[in-house]
Amino acid sequence: MQTSYEGAVDDAQRLGSCRAMTIGVGLTVTLRLRMGSHDAHYAGELVDGAKMLALFGDVATELLIRLDGDEGLFRAYEAVEFLAPVLAGDFIEATGVITKVGATSRAMAFEARKVVQNCRTPNTAASAADALASPIVVCRAVGTCVVPRDLQRKPRLVLPALTGQSDTVARLSEPRPIITPPPRVALVTPPPSDLILTAAIVGAEVTRKDTPHLPITAQEIADEAARCREAGASVIHLHVRTPDGAPSQSSDLFRAAIEAIQKKTDVIVQTSTGGAVGMSVDERAGPLACKPEMATLNCGTINFGDEVFENSRPLIRDLAVRIRAAGSIPELECYEAGHVDEALSLLQEGAIGTPLHFQFVLGVRGGIAAREDVLRFLVSLVPEGATWGVAAVGRHQRPMTELGMTLGGHARVGIEDNIFLEKGVLAEGSAPLVARAAAFAKQIGREVVAPDRARTLLGIRSNRVSAQA
Ligand code: KMH
Ligand code: ZN
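Residues numbered from 1 in each chain as written. Chains lettered and ligands numbered in written order. Predicted model: local features only at pLDDT ≥ 70, side-chain atom pairs only at ≥ 80, totals over all residues. Heavy atoms only, no water.

(A) Geometry of the site of ligand 1. Taken together, 14 residues sit near ligand 1, with Glu-205, Ser-272, Gly-275, Thr-296 and Asn-298 positioned nearest. At a separation of 2.6 Å, an oxygen atom of ligand 1 approaches a polar side-chain atom of Thr-296. Protein burial of ligand 1: of its 300 Å² of free accessible surface, 97% is covered by the chains. The residue makeup of the shell around ligand 1, split by class, is 5 nonpolar, 7 polar and 2 charged. (Near = heavy atom within 4 Å. Polar contact = N/O pair within 3.5 Å; in protein donor to acceptor, adjacent residues only side chain to side chain. Areas by Shrake-Rupley, 256 points an atom, 1.4 Å probe, with all protein chains shown as cover. Nonpolar A, V, L, I, M, F, W, Y, C, P; charged D, E, K, R; others polar.)

Written out as structure tokens, the structure reads:
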């Protein structure tokens, strides 16, 4: 717990340099509120200083909710300074930053700034007001909040956009442990965090009997990929079919599909190396001849419905080597918690590199369940710097991908995993599922990214790779 300003400054400087290692340190929140005449308590429409502390209390509460999933309690202010009067009609922006995270204590620094004030000059209208070119700091404080261990919900819900905020914005300035923003930097509202939507448009199990909206020919696949791109997808998870609709890993069929896709749109093509249950490793590696930008790497064997989807450890390593040789980036398909550990072993052995990108495939019969506690646990296993997404099968697709997006992950939808838009209503291809996911992302303040931004996030260096071998 902080006991003095000096301590807070030291801590802030120390923590500033290692905040990446301490979850939550640097997390910043701002509220902006107009002071009304009902807030004026003293002569001359002066607002009570306690109002600033009430704002800091709300800021602290949001910080604790973002960090711990609980409102927590304010234990003590170590210091408070009132620096300028606040009057009715002022707009006050209150910012708080977490400076230290202990087992249960969370040290915070606060600052309230006046950003708009009423003119109150003799020859102007009573309603005349100015947006201030430089905000006026009206109050600063340092305090400590507490969230008891049993109320801390795990994993912590720190959205990447918040933890990713720049040091300049979150750092405490001299001489006080406070967060005066550099001039003209819009402080607080965190930038919407980037979201990659993947469309799984073909798959290996769905048939035309299940849905007439399954694309089969290269042209149908390309048309669907373009529709999905239009709806918000930046990655197409790709399987192909023979003309009679059977799943295939033929490099020729993949090449035709990729070429057709690339004629129509700029999506990242992620070819499957999972193929269909029962295929040999050589067969499964077929699409790598097309040197796709991305390819799946399935990280363990599971019961797949009533069949067994075999991914022995040697097979995984074999495919990892082939994916790297093709110049592709692996997406790590995890159908079980142990598959995450297997992926981490691959990294340790050097079979795959960073950045890691996990795809949690939930709800396969025989694999890990599509449940909130499961997803939260899986997310807790993801190492710093890695990205992750959620795919879930059947009726779980919508709730699980929406939960994943809320927790800061990416999402995969499409008819490979789920053919229904609503119960009993077939999706007319994957694009409507993508459109619905994109609308949800927007609603929660996530930014659905275009393929080039997705390439950057996924560590794909080259842009479009030709499907020509
Ligand atoms: N068709 C499943 C057996 C992948 O594309 O990498 C495997 C699958 C995974 O679809
Ligand atoms: Zn697949």
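Resuming the write-up.
(B) Seen up close, the coordination of the zinc ion (ligand 2). Every protein donor of the zinc ion (ligand 2) is listed here as His-237 (NE2), His-239 (NE2) and Glu-416 (OE), and their distances to the metal cover 2.1 Å. The sequence motif formed by the donor residues of the zinc ion (ligand 2) is H-x1-H-x176-E. Of the two residues, His-239 sits in the loop between strand 10 (235-238) and strand 11 (240-241) while Glu-416 sits in the loop between strand 20 (410-413) and strand 21 (420-422), which places them 177 residues apart along the sequence. Note on His-239: relative accessible area 5%, which makes it buried. Taking relative accessible area as the criterion, Glu-416 reaches 15% and is therefore assigned buried. (Donors = N, O, S within 2.8 Å, 3.2 Å for Na, K, Ca; no water. Helix = DSSP H or I, 4+ residues; strand = E, 2+ residues; numbered from the N terminus. Buried < 20%, exposed > 50% of the residue type's maximum accessible area, 1.4 Å probe, protein only.)

(C) Geometry of the environment of Gly-44. Following the sequence through the fold, Gly-44 ends up in the loop between strand 2 (40-42) and strand 3 (46-47). Here the alpha-carbon distance between Gly-44 and Leu-87, two residues 43 residues apart in the chain, equals 7.8 Å.

(D) Region of the structure containing the packing of aromatic side chains. Applying the stated rule across the entire model yields 8 aromatic pairs. Seen from their ring centres, Phe-56 and Phe-110 are 5.0 Å apart, and the 20° between their planes marks the pair as stacked. Residue Phe-56 is located in helix 2 (residues 50-68), and its partner Phe-110 is located in strand 6 (residues 105-118); the two are separated by 54 residues in the primary sequence. Overall, the relative accessible area of 0% leaves Phe-56 in the buried class. Among the residues examined, Phe-110 registers a relative accessible area of 0% and is labelled buried. Measuring from ring centre to ring centre gives 5.9 Å for Phe-74 and Phe-110, while their planes differ by 35°; the resulting arrangement is tilted. Of this pair, Phe-74 sits in strand 4 (residues 73-82) while Phe-110 is found in strand 6, placing the two residues 36 residues apart along the sequence. With relative accessibility at 30%, the residue Phe-74 sits in the partly exposed group. In this structure an aromatic cluster arises from ring pairing among Phe-56, Phe-74, Tyr-77 and Phe-110. (Phe/Tyr/Trp six-rings, centres within 6.5 Å; stacked < 30°, edge-to-face > 60°.)

None of this, on its own, says anything about what the molecule does.
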